[in-house]
Amino acid sequence: MKESKTLHISGAEAVIRCLLAEDANLIYGYPGGAIMPIYDELYKFQDQIQHVLTRHEQGATHAAQGFARTSGKVGVAMATSGPGATNLITGIADAQIDSTPLVCITGQVASHLLGSDAFQETDIIGISTPVTKWNYQITKASEIPEIMAKAFYIARSGRPGPVLIDITKDAQFELCDFSYKKCEGVRSYQPTPPLQLEQVQAAAEVINAAKQPMIVWGQGVILGEAEETFKNFVEKTGIPAVWTILGLSALPTKHPLNMGMVGMHGNYGPNLLTNECDVLIAVGMRFDDRVTGNLSTYAKQAKIVHLEIDPAEINKNVPADFPVLADCKASLEALLPLVKHEEYADWKAKFKVHMDTEIEAVINKDTQPTKEGLTMGEAIVAINKHSGSDAVIVTDVGQHQMVACRYAEFIRSKSNVTSGGLGTMGFALPAALGAKMGAPDRQVVAVIGDGGYQMTIQELGTIFQTKTAVKIVVLNNDYLGMVRQWQELFFDHRYASTEMTNPDFVTIAKGYYIEAQRVSKREDLDAAVAEMMACEGPYFLEVCVEKEDNVFPMIPTGASVSDIRLS
């Protein structure tokens, strides 16, 4: 990589030039005293780099996550020291567990004040260490080019994740000789393990011998840009495939071998048949507890083939009989010529029988109800209809999230943006802003519950100021619905601190000059969704749904996937 021309500039200007060199021309952030020199330089470069002023630093990290998830680039968030930096932590932790590449830049008090409890001094390096892929504190301007290059390399390479760079104020003012060289490797850090062909051969042999195999895929397929290769693998083998919520959209929803979702609120058949398959092929997923249920009973009869890039995930939760440690695209490409096609007609028929059962017991009630009140499922079906199943759906956390994952339809990848591992309420609204900026040519619909919406509702101001055409759908049941469901099922209907007394959401949206309406009747839903999707700017739609509807199927906490309940 050719180095850039040497300049003699301030550390603050060096930060901006590093961002430009990494093609990071969109930043989400909030200014303050300790990062003011960088913001001053940002002002001078505003024709080359866009800064989005969020209304809260947590909103900046979630927006950067949404941008990264739809664009495939590294998201960038920036904040001042102390409370500004600590407000980033929730989004950073969310990005860490969901493998989202972020570079977060924080200002810090001057280096001579470190450790003195100065105004707005916080040990953000110590605080962020458990939830970052890497972090570093810069105290000399001369460190900035190398550390920033390393930050972007680490964030995007291998299994992606968040990196935090803390820069003291004096380092921002200090002059340095600046030239930039992109990082292409770090000693002792091997982001992508080399493919072992003997592992591939062993995996192929067990796959070819299987009578009832099942593929479970996760977000690794999307992060590895392996969607087409994965589709070819599924179609060549003929093996039924199921997904985790972060893997959703890597394979089109209506693909004939896409059998649905696994996990706590996943589909009936995929969960039951996990404990009947003879070979389970895990592709780019980490066997999260919400997927496996009780580990002592999870797929004990099956031989486990695990395609995974991160060695820490191999044998962490589920022992792998046939691990293939490498980038999943490389693994799948190596497997393709070795695997054979089978029809598995009797095996696939079992999925259909269970799906027919689920349609009658659950899905029809969720999407074609006879009860008076609207359901969440009806709203998702309407969004599918008026988006041509081609919108990016951004969900928060709770019942609406599970309903959206179950019923949203997708025809292309990077269409499902949600908080998976951390389960962060408040994620969706700022993440939808970032998702739209990352995919400006696509419709982006945020589907949010009334509880999580109010955690970051202030980001309506950011959406208004940036004129970002996000469609916002709040499914309002006047409850913290998922917690209420657990209280109903497992705590004898003791609804402790879950009923919400909500404000007039439509009036609030209109206060931010965002078009808005509310629907509570079935006959009004279709036209309201059509109007929302046709609107050129941002739009808010409140859908008042049944207050005490539950999400089924459901695997109770600690139970086996075989104990999945339809009611």
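Every value quoted in this text rests on a predicted model; they were computed, and no experiment measured them. (Residues numbered from 1 in each chain as written. Predicted model: local features only at pLDDT ≥ 70, side-chain atom pairs only at ≥ 80, totals over all residues. Heavy atoms only, no water.)

## Focus on the overall build of the chain
Phase 1 of the analysis: A tally of regular secondary structure across the chain gives 23 helices and 20 strands.
Phase 2 of the analysis: Scaling as 2.2 N^0.38, a compact globule of 567 residues should have a C-alpha radius of gyration of about 24 Å, and the chain matches this with 24 Å.
Phase 3 of the analysis: The principal-axis extent of the C-alpha atoms belonging to the chain is close to 70 × 60 × 40 Å.
Phase 4 of the analysis: Look at the contacts in the chain between residues 6 or more apart in sequence, and 77% of them connect residues 24 or more apart.
Phase 5 of the analysis: Total accessible area on the chain stands at roughly 21,900 Å², and carbon and sulfur atoms take up 52% of it.
Phase 6 of the analysis: A distance of 3 Å separates the average location of the 48 positive side-chain charges in the chain from that of its 67 negative side-chain charges. (Helix = DSSP H or I, 4+ residues; strand = E, 2+ residues; numbered from the N terminus. Rg over C-alpha atoms; globule rule 2.2 N^0.38 Å. Contact = heavy atoms within 4.5 Å. Areas by Shrake-Rupley, 256 points an atom, 1.4 Å probe, with all protein chains shown as cover. Lys, Arg positive; Asp, Glu negative; His and termini not counted. Charge placed at Lys NZ, Arg CZ, Asp CG, Glu CD.)

## A few points about helix 9 (residues 197–209)
Phase 1 of the analysis: With 13 residues, helix 9 ought to run about 18 Å at 1.5 Å a step, and its terminal C-alpha atoms sit 19 Å apart, in line with that.
Phase 2 of the analysis: Buried residues of helix 9: Val 200, Ala 203, Ala 204, Val 206, Ile 207 and Asn 208, and no others.
Phase 3 of the analysis: For helix 9, the elements touching its buried residues are helix 11 (227–237), strand 12 (279–283), strand 13 (303–308), strand 14 (322–325) and helix 14 (328–335). (Expected span 1.5 Å × (residues − 1). Buried < 20%, exposed > 50% of the residue type's maximum accessible area, 1.4 Å probe, protein only.)

## Things to note about the side chain of Asp 94
Phase 1 of the analysis: Its place among the elements puts Asp 94 in helix 5 (residues 89–97).
Phase 2 of the analysis: Every residue in contact with Asp 94, bar those within four places of it in the chain, is listed here: Gln 65, Ser 419, Leu 422, Thr 424 and Phe 427.

## Considerations on the sheet that holds strand 10 (residues 241–243)
Phase 1 of the analysis: Read across the sheet, 6 strands follow the order 11-10-9-12-13-14 without closing on themselves; strand pairing throughout is parallel. The two strands at the open ends of the sheet, each matched to only one other strand, are strand 11 (258–261) and strand 14. In this sheet, neighbouring strand axes are inclined to one another by 20 degrees on average, regardless of whether the strands run parallel or antiparallel.
Phase 2 of the analysis: As defined by bridge partners, strand 9 (residues 213–217) adjoins strand 10 across 3 bridges and the pair is classed as parallel. Along strand 10, the bridge assignment pairs Ile 215 with Ala 241. (Pairing = 2+ DSSP bridges. Axes fitted to C-alpha atoms, helices over the stretch in contact; angles between N-to-C directions.)

## Quick notes on the pattern of salt bridges
Phase 1 of the analysis: On inspection of all chains with the given rule, the structure shows 24 salt bridges.
Phase 2 of the analysis: Here Glu 313 makes a salt bridge to Lys 316, at a shortest N to O gap of 3.1 Å.
Phase 3 of the analysis: Given a relative accessible area of 5%, Glu 313 falls into the buried group.
Phase 4 of the analysis: Under the relative-accessibility criterion, Lys 316 is labelled partly exposed at 45%.
Phase 5 of the analysis: Connected through salt bridges with shared partners, the residues Arg 159, Asp 310, Glu 313 and Lys 316 form a single ionic network. (Salt bridge = Lys/Arg side-chain N within 4 Å of Asp/Glu carboxyl O.)

## Overview of the domain arrangement of the chain
Phase 1 of the analysis: Assigned domains within the chain: domain 1 (7–178), domain 2 (197–351) and domain 3 (368–544).
Phase 2 of the analysis: Once you take the C-alpha centre of each, domain 2 and domain 3 turn out to be 30 Å apart.
Phase 3 of the analysis: Residue-level contacts link 18 residues of domain 2 with 19 residues of domain 3.
Phase 4 of the analysis: Both faces combined, the contact of domain 2 with domain 3 buries some 1,500 Å², and carbon together with sulfur accounts for 60% of it.
Phase 5 of the analysis: Of all residues in domain 2, Ile 245, Ser 249 and His 265 bury the most surface against domain 3, accounting for 37% of the area lost on that side.
Phase 6 of the analysis: Across the contact surface, domain 2 and domain 3 share 1 salt bridge. (Domains from an automatic or database assignment. Buried area = accessible area lost by both parts, 1.4 Å probe.)

## Some details on the environment of Gly 481
Phase 1 of the analysis: Turning to its location among the elements, Gly 481 is positioned in helix 21 (residues 481–490).
Phase 2 of the analysis: The exposure class of Gly 481 is buried, given its relative accessible area of 8%.
Phase 3 of the analysis: The spatial distance from the C-alpha of Gly 481 to the C-alpha of Gly 449 is 8.1 Å, given a sequence separation of 32 residues.

## A few points about helix 1 (residues 11–21)
Phase 1 of the analysis: Among the 11 residues that make up helix 1, 8 are buried, leaving the element largely enclosed by the rest of the structure.
Phase 2 of the analysis: Along helix 1, the positions that sit buried rather than exposed are Gly 11, Ala 12, Glu 13, Ala 14, Val 15, Ile 16, Cys 18 and Leu 19.
Phase 3 of the analysis: Positioned one or two residues after helix 1, Asp 23 has a phi angle of 60 degrees, which is positive.

## Some details on unusual backbone geometry
Phase 1 of the analysis: Residues Phe 552 and Pro 553 are joined by a peptide bond in cis, for which omega reads -5 degrees.
Phase 2 of the analysis: Position of Pro 553 among the secondary structure elements: in the segment after strand 20 (539–544).
Phase 3 of the analysis: The backbone phi angle of Ala 299 is positive, close to 45 degrees, even though this residue is not glycine.
Phase 4 of the analysis: Secondary-structure assignment places Ala 299 in the loop between helix 13 (289–292) and strand 13.
Phase 5 of the analysis: With a phi angle near 55 degrees, Lys 467 is a residue other than glycine that sits in the positive phi range.

## Structural notes on the packing of aromatic side chains
Aromatic ring pairs are reported here in terms of the distance separating the ring centres and the angle at which the planes meet.
Phase 1 of the analysis: As enumerated under the stated definition, the model contains 11 aromatic pairs in all.
Phase 2 of the analysis: Judged by centre distance (5.2 Å) and plane angle (35 degrees), the ring pair of Phe 464 and Tyr 513 falls under tilted. Remark: Tyr 513 occurs in the loop between helix 22 (505–511) and strand 19 (515–519) and Phe 464 occurs in helix 20 (residues 460–466); sequence separation between them is 49 residues.
Phase 3 of the analysis: Against the face of Tyr 479 rests Arg 484, its NZ or CZ located 5.8 Å from the ring centre. (Phe/Tyr/Trp six-rings, centres within 6.5 Å; stacked < 30°, edge-to-face > 60°. Lys NZ or Arg CZ within 6 Å of the ring centre and 35° of its normal.)

## Quick look at the pairing of strand 7 (residues 162–168)
Phase 1 of the analysis: Of all 7 residues that make up strand 7, 7 are buried, and the element is covered over most of its length.
Phase 2 of the analysis: Side chains of strand 7 alternate between two faces, with Pro 162, Leu 164, Asp 166 and Thr 168 and Val 163, Ile 165 and Ile 167 buried alike.
Phase 3 of the analysis: Both strand 5 (residues 102–108) and strand 7 contribute to a ladder of 7 bridges, which runs parallel. Within the sheet, the bridge partner assigned to Thr 106 lies in strand 7 and is Asp 166.
Phase 4 of the analysis: The pairing of strand 6 (residues 134–138) with strand 7 spans 5 bridges and is parallel. Across the sheet, the residue bridging to Tyr 136 is Ile 165, located in strand 7.
Phase 5 of the analysis: After leaving strand 6, the chain enters helix 7 (residues 144–156) and then returns to the sheet as strand 7, a path that is right-handed. (Right-handed = clockwise from strand over helix to strand, strands pointing away.)

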